[in-house]
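# Secondary and tertiary structure notes
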Amino acid sequence: MTIPASLVSLILIYQISNSIGSSPLSETPETTLTNKLNNIRSMCAMDNVKNKVVDGSEPFPEDRQSLRSGISIEFRNVSFQYPDAEKYALRNVSFKIGAGQLCVIVGTNGSGKSTILNLICRIYDPIEGTILIDNRDIKTLRLADLRTAMSILFQNFSHFPLSISENIGLGNPALAHDNDKIREAARLGGAEEFIDELLDGFNSYLERPVGNHYAPLIEGFMMASGLRTDFSVLNGLPTTFLGLSGGQRQRLAVSRTFMRSLASETESSAGILLFDEPSASLDPLAEHDLFERLRKLRGSKTMIFSTHRFGNLTRHADLILYMDQCVQEQGTHDELMSKGGEYARMWNLQANAFI
């Protein structure tokens, strides 16, 4: 212990450590004060970790209204290997997506689909090769500007202990108090119907808003699951917490991504939308409806999807990339089917399940 062991200090440590763990300190050996202090120390040490992605200096775009026409992306001989990985995730990858085009990236697990999205938003930089955004080297652009121009949905999305309305609104803080925009985003994401069925609708909370181990929830507090706290029944924490299904949570994440793409009166919307397996937890009908909305409402935005599933989305894509560490095949659906290559084989394999 490197701090004075005063009563106040111990109380503060106890409360902070409890906020990290999900159970009281005395329940299991894994939740000892020592372990939790180490966790706190590790969290604080993260502040000293330097970002290996060096920020650029050039503003992007020069005219924000140009985002309405989409963003072009080009990979030139790009190779990438994750830290400590034995194999390359991408090897000598080259392709070009025009502004306003719909691109679908397909392939097996580990083929590099998600890696392409990670490189576009500069979570990582390539080991070799160049990435161009609107014909400009991506490394020269300001990171904040680049990411502001994008709306991104990764597989590992998060939700927050706030209301459903606030969770969606976080996708675009400039419009976070615009209830009409939030409802529009929910409709586009396929979440509006189940939200309206909740007793408190968009004001329902996904989780309790404060991680308090000592006080009960506010009486009458509404969970998104439909569970309302009642002191006469619960006398403190709820005895049951149902939450939302995986598909419902994914629809909320998709809605937040759409929120990012909506324009305000003073600012243009994002010019490119990136989706990494956006329908992984959706049933076939919800997936079909989502892709139909995306296709019809795309406008002039650039859209890139990473997916395992072939269907209506690939049928209407301007460009399909079939990946296996490198671009094995590229073209439209009809072009790739006529070649009779690996894309055609995988398409027929999935289609046969429905014949």
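Structural data are supplied above this passage.
Conventions we followed
- Residues numbered from 1 in each chain as written.
- Predicted model: local features only at pLDDT ≥ 70, side-chain atom pairs only at ≥ 80, totals over all residues.
- Heavy atoms only, no water.
- Pairing = 2+ DSSP bridges.
- Helix = DSSP H or I, 4+ residues; strand = E, 2+ residues; numbered from the N terminus.
- Axes fitted to C-alpha atoms, helices over the stretch in contact; angles between N-to-C directions.
- Contact = heavy atoms within 4.5 Å.
- Buried < 20%, exposed > 50% of the residue type's maximum accessible area, 1.4 Å probe, protein only.
- Arc of directions from axis to C-beta.
- Core = buried A, V, L, I, M, F, W, Y, C linked by side-chain atoms within 4.5 Å.
- Salt bridge = Lys/Arg side-chain N within 4 Å of Asp/Glu carboxyl O.

Okay, the sheet that holds strand β6 (residues 150-153) next. With mixed pairing, the 6 strands of this open sheet are ordered in space as β6-β7-β8-β3-β9-β10. Only two strands of the sheet have a single partner each, and these edge strands are β6 and β10 (326-331). Going from strand to strand, the sheet's axes swing by 15° on average, the running direction of each strand aside. Alignment of β6 against strand β7 (residues 272-276), held across 4 bridges, turns out to be parallel. Each bridged residue has a counterpart across the sheet, and for Leu 153 the counterpart in β7 is Phe 275. Contacting β3 (102-107), β6, β7, β8 (302-307) and β9 (319-324), helix α3 (residues 113-120) runs over the sheet at an angle of about 145° to β8. Together, β6 and β7 form the strand contacts of helix α8 (residues 246-261), whose direction differs from that of β6 by roughly 175°.

Looking now at helix α12 (residues 342-352). Taken residue by residue, α12 has Tyr 343, Ala 344, Met 346 and Trp 347 as its buried positions. End-on, the buried residues of α12 take up no more than an arc of 165°, which puts them together on one face.

Assignment of secondary structure puts Leu 294 in helix α9 (residues 284-297). For the pair Leu 294 and Leu 102, spaced 192 residues apart in sequence, the C-alpha separation works out to 9.9 Å. Apart from the residues lying within four places of it in its own chain, the contact partners of Leu 294 are Phe 258, Phe 275, Met 303 and Phe 305.

Turning our attention to the nonpolar core. Soluble globular proteins tend to bury their nonpolar side chains together. Grouped together as the largest cluster of nonpolar side chains are 42 residues, with contacts concentrated most on Ile 168, Ile 195 and Leu 252. Residues in contact with Ile 168, not counting those within four places in the same chain, are Ile 182, Ala 185, Ala 186, Ile 195, Phe 202, Leu 252, Ser 255, Arg 256 and Met 259.

This part takes up the environment of Phe 305. Along the chain, Phe 305 turns up in strand β8. The spatial distance from the C-alpha of Phe 305 to the C-alpha of Val 104 is 4.7 Å, given a sequence separation of 201 residues.

It is worth spelling out the pattern of salt bridges at this point. Per the stated rule, a full pass over the model turns up 7 salt bridges. With its nearest N and O atoms 3.1 Å apart, the salt bridge here joins Arg 183 to Asp 196. Taken together, the residues span a long stretch of sequence, with Arg 183 in helix α6 (residues 179-188) and Asp 196 in helix α7 (residues 192-196) at a distance of 13 residues. Note that Arg 345 is salt-bridged to Glu 342, the shortest N-O span being 2.6 Å. You can see Arg 345 and its partner Glu 342 sitting in helix α12, 3 residues apart, about one turn around the helix. Because the salt bridges share partners, they merge into one network encompassing Arg 183, Glu 192 and Asp 196.

Worth remembering: the numbers are spatial, not functional.
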